[in-house]
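Observations on the three-dimensional arrangement
Residues per chain are reported as follows:
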Amino acid sequence: MSDSAGARFERLVQVMHTLRAPGGCPWDREQTLQTLRPFVLEETCELLDAIDAGDLDGIREELGDVVFEAVFVAELCAEAGHFSIADSVAAVTDKLIRRHPHIFDASGQPHGDTGGIDARGVKAQWDDIKDEERQLAGKAKKTMLSGIPRALPALLRAETMARKVTTVGFDWPNALEALDKVEEEIRELREALATGNTRAPEIEEELGDLFFALANVARKLDLSPEAALRKANDKFQVRWEAMEAEARSENRPLA
């Protein structure tokens with residue numbers, strides 16, 4: 001199995017190298033890290049759609065596309081003399097072994113004794129090892145929130161930040177009290193709108209606060225705000241397209 005995966009992965013790397021080489025594909029040759037960015041995001045989102053739909057064939061295909069984008073990005077970095085995809089694979093493999101001492105010994109071999117650690121203990125151990133690695137590398141210790149990617153979808157980032165700070169007790173007791181904060185933010189947004197200046201920066205700020213408060217309500221209900229909004233989007237699309245279809249069947253303008 002591993003030999004097959006390795007050979008197939010190597011073939012993908014070689015295909016990518018050919019596409020980027022002189023005489024290769026003109027489109028592939030003109031891409032940069034910045035132009036690839038939206039494709040990386042798009043392929044990731046398509047994989048998430050397939051996972052949400054339980055579409056195993058789709059997951060297989062979209063996962064391949066995500067791997068391809070990773071190889072593409074690494075190819076550009078290799079051409080610039082920075083690192084290869086082999087370096088990336090080696091780095092993540094070494095990291096997994098290093099951060100799972102309950103599974104692997106110092107030589108990287110499974111030792112067959114987890115020591116009875118549970119999932120929460122594994123997470124705490126991972127974070128501790130990660131901090132030690134940063135200190136050894138001479139990097140500043142991360143804050144609780146600095147490791148959360150700014151490029152995450154805004155609702156997902158809000159939820160992730162809110163979950164992080166609950167580990168030190170910064171939280172509402174229940175969803176109803178979190179909902180009180182939503183109502184407070186609505187009042188403040190209404191007050192900002194009452195000024196009559198719809199372009200005032202305060203309006204954007206209060207609207208952002210409202211979204212953040214709603215993300216916290218979802219979190220207190222153990223729901224994903226991102227998933228909830230996706231479902232609402234899907235529901236709107238289904239209903240809208242049903243109206244379009246009805247208007248067409250009656251030969252009436254949609255307006």
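Residues numbered from 1 in each chain as written. Predicted model: local features only at pLDDT ≥ 70, side-chain atom pairs only at ≥ 80, totals over all residues. Heavy atoms only, no water.

Once that is clear, we can look at helix α5 (residues 85–98). Across its 14 residues, α5 extends 20 Å between first and last C-alpha, which sits within 8% of the 20 Å expected from 1.5 Å per residue. Between the side-chain oxygen of the N-cap and the backbone nitrogen of A86 there are 3.2 Å, and the N-cap of α5 in question is S84. (Helix = DSSP H or I, 4+ residues; strand = E, 2+ residues; numbered from the N terminus. Expected span 1.5 Å × (residues − 1). Polar contact = N/O pair within 3.5 Å; in protein donor to acceptor, adjacent residues only side chain to side chain.)

Let's shift gears to the layout of surface pockets. Looking at the largest pocket, its volume works out to about 580 Å³. Forming the walls of the largest pocket are 17 residues, and the residues nearest its centre are K123, D127, T143, M144 and K164. Only α6 (119–136) and α7 (154–165) provide two or more residues apiece to the lining of the largest pocket. Examining the composition of the lining of the largest pocket, we find that six residues originate from one element, α6, more than from any other. (1 Å grid on protein atoms, 1.4 Å probe; cavity = no way out; pocket = protein on both sides within 12 Å on 5 of 7 lines; lining within 4 Å. Points joined across faces, edges and corners; volume = space filled by probe spheres on them.)

All chains considered together, the criterion is met by 13 salt bridges. Between R219 and D171 there is a salt bridge, with its nearest N and O atoms 2.7 Å apart. Of this pair, R219 sits in helix α9 (residues 201–220) while D171 sits in the loop between α7 and α8 (175–193), and the two are 48 residues apart along the sequence. With a relative accessible area of 8%, R219 lands in the buried category. One salt bridge in this structure joins D171 and K220, with 3.1 Å as the shortest N-O distance. Of the two residues, D171 is situated in the loop between α7 and α8 and K220 in helix α9; the sequence distance between them amounts to 49 residues. Judged by its relative accessible area of 33%, D171 is partly exposed. (Salt bridge = Lys/Arg side-chain N within 4 Å of Asp/Glu carboxyl O. Buried < 20%, exposed > 50% of the residue type's maximum accessible area, 1.4 Å probe, protein only.)

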